[in-house]
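Okay, here's what each chain looks like letter by letter:
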Amino acid sequence: MRHIISVLLENEAGALSRVAGLFSARGYNIESLTVAPTDDPSLSRMTLVTTGNEAIVEQIKKQLNKLIDTIKLLDLSEGPHIERELMMVKVRAEQADREELKRLVDIFRAKIIDVTDVSFVVELTGASPKLDAFIDAVPKGLIIEVVRTGPSGISRGPQGLML
């Protein structure tokens, strides 16, 4: 099962490498990883996506909690949450394809953020299946490059990952 785990960490050099080392040493896979400072510059929020059965995920959470840099941990998959992913796609946009691509961008509520004579860069946010559907909908041979952030998430309601 897929889990999105958010970790509040001390914003210190080496914190990310300790988390990555924990995963690699135990043979766990990180599907996606994002880290950024919070509103408190001494703290960072790490969001990682991993898969495994309940026993494996429970072990991952216990190991993460043992790290000296970890302040608090929350498995977003255990409750109601919102998740989004950002994707940028560079597509060939020759004159014949431009109108069809613009319609596709509108249908998916995406944005064209860069235009050249021969290409568009499209920005799209949403759940991962929506991004996958956009890629599948683009006519074959038009995609030049795809960049995805991986999911980020936040819990719904009054609870949150804070001190």
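Draft legend 1. How the structure looks around the side chain of His3. Here His3 shows up in strand β1 (residues 2-10). Overall, His3 belongs to the buried group, its relative accessible area being 3%. Among the polar contacts listed, one links the side chain of His3 to the side chain of Asp75, at a separation of 2.8 Å. Setting aside chain neighbours within four positions, we find His3 in contact with Leu48, Val49, Thr50, Gly52, Glu54, Val57, Asp75 and Ser77.

Draft legend 2. Summary view of a nonpolar patch on the surface. Taken together, the side chains of Leu16, Leu33 and Val35 present a nonpolar region at the surface, about 210 Å² in accessible area. Within the secondary structure layout, Leu33 lies in strand β2 (residues 32-37).

Draft legend 3. View of the confidence of the model for the protein. On average, the protein scores 92 in pLDDT, and the residues at 70 or more come to 100%. Averaged over each element, pLDDT in the protein is lowest for helix α1 (residues 15-26) (85) and highest for strand β6 (residues 111-115) (98).

Draft legend 4. Fine view of the environment of Arg92. Mapped onto the fold, Arg92 is located in strand β5 (residues 81-92). You can call Arg92 partly exposed: its relative accessible area is 39%. In this structure the C-alpha to C-alpha distance between Arg92 and Ile56, which are 36 residues apart in sequence, comes to 43 Å. Excluding its chain neighbours within four sequence positions, the residues that come into contact with Arg92 are Leu101, Val118, Gly141, Leu142 and Ile144. A distance of 3.4 Å separates a polar atom in the side chain of Arg92 from the backbone oxygen of Gly141.

Draft legend 5. A look at helix α2 (residues 54-66). Its 13 residues give α2 an end-to-end C-alpha distance of 18 Å, which sits within 8% of 18 Å, the value for a rise of 1.5 Å per residue. Every buried residue of α2 is accounted for by Val57, Ile60, Lys61, Gln63 and Leu64. All buried residues of α2 lie within an arc of 165° about the axis, which places them on one face of the element. The outward face of α2, more than 90 degrees from its buried face, is lined by the exposed residues Ala55 and Lys66. Against β1, α1, β3 (43-51) and β4 (70-75) lie the buried residues of α2. By the N-cap criterion, in which a side-chain oxygen at the helix start approaches the backbone nitrogen of a residue two or three places on, α2 is capped by Asn53, the distance to Ala55 being 3.1 Å.

Draft legend 6. Region of the structure containing unusual backbone geometry. Phi at Arg109 is positive, roughly 55°, even though this residue is not glycine. With relative accessibility at 75%, the residue Arg109 sits in the exposed group.

Draft legend 7. Molecular detail of the pattern of salt bridges. Taken as a whole, this structure holds ten salt bridges when the rule is applied. The partner of Arg18 in a salt bridge is Asp69, and the shortest N-O contact between them spans 2.5 Å. Of the two residues, Arg18 sits in helix α1 while Asp69 sits in the loop between α2 and β4, which places them 51 residues apart along the sequence. Judged by its relative accessible area of 34%, Arg18 is partly exposed. Residue classification places Asp69 among the buried residues on the basis of a relative accessible area of 4%. The residue Arg148 makes a salt bridge to Glu85 at a minimum N-O spacing of 2.8 Å.

Conventions adopted
Residues numbered from 1 in each chain as written. Predicted model: local features only at pLDDT ≥ 70, side-chain atom pairs only at ≥ 80, totals over all residues. Heavy atoms only, no water. Helix = DSSP H or I, 4+ residues; strand = E, 2+ residues; numbered from the N terminus. Buried < 20%, exposed > 50% of the residue type's maximum accessible area, 1.4 Å probe, protein only. Polar contact = N/O pair within 3.5 Å; in protein donor to acceptor, adjacent residues only side chain to side chain. Contact = heavy atoms within 4.5 Å. Patch = residues over 30% accessible without salt bridge, like charges linked within 9 Å, V, L, I, M, F, W, Y side chains within 5 Å. Areas by Shrake-Rupley, 256 points an atom, 1.4 Å probe, with all protein chains shown as cover. Salt bridge = Lys/Arg side-chain N within 4 Å of Asp/Glu carboxyl O. pLDDT = per-residue confidence, 0-100. Expected span 1.5 Å × (residues − 1). Arc of directions from axis to C-beta.

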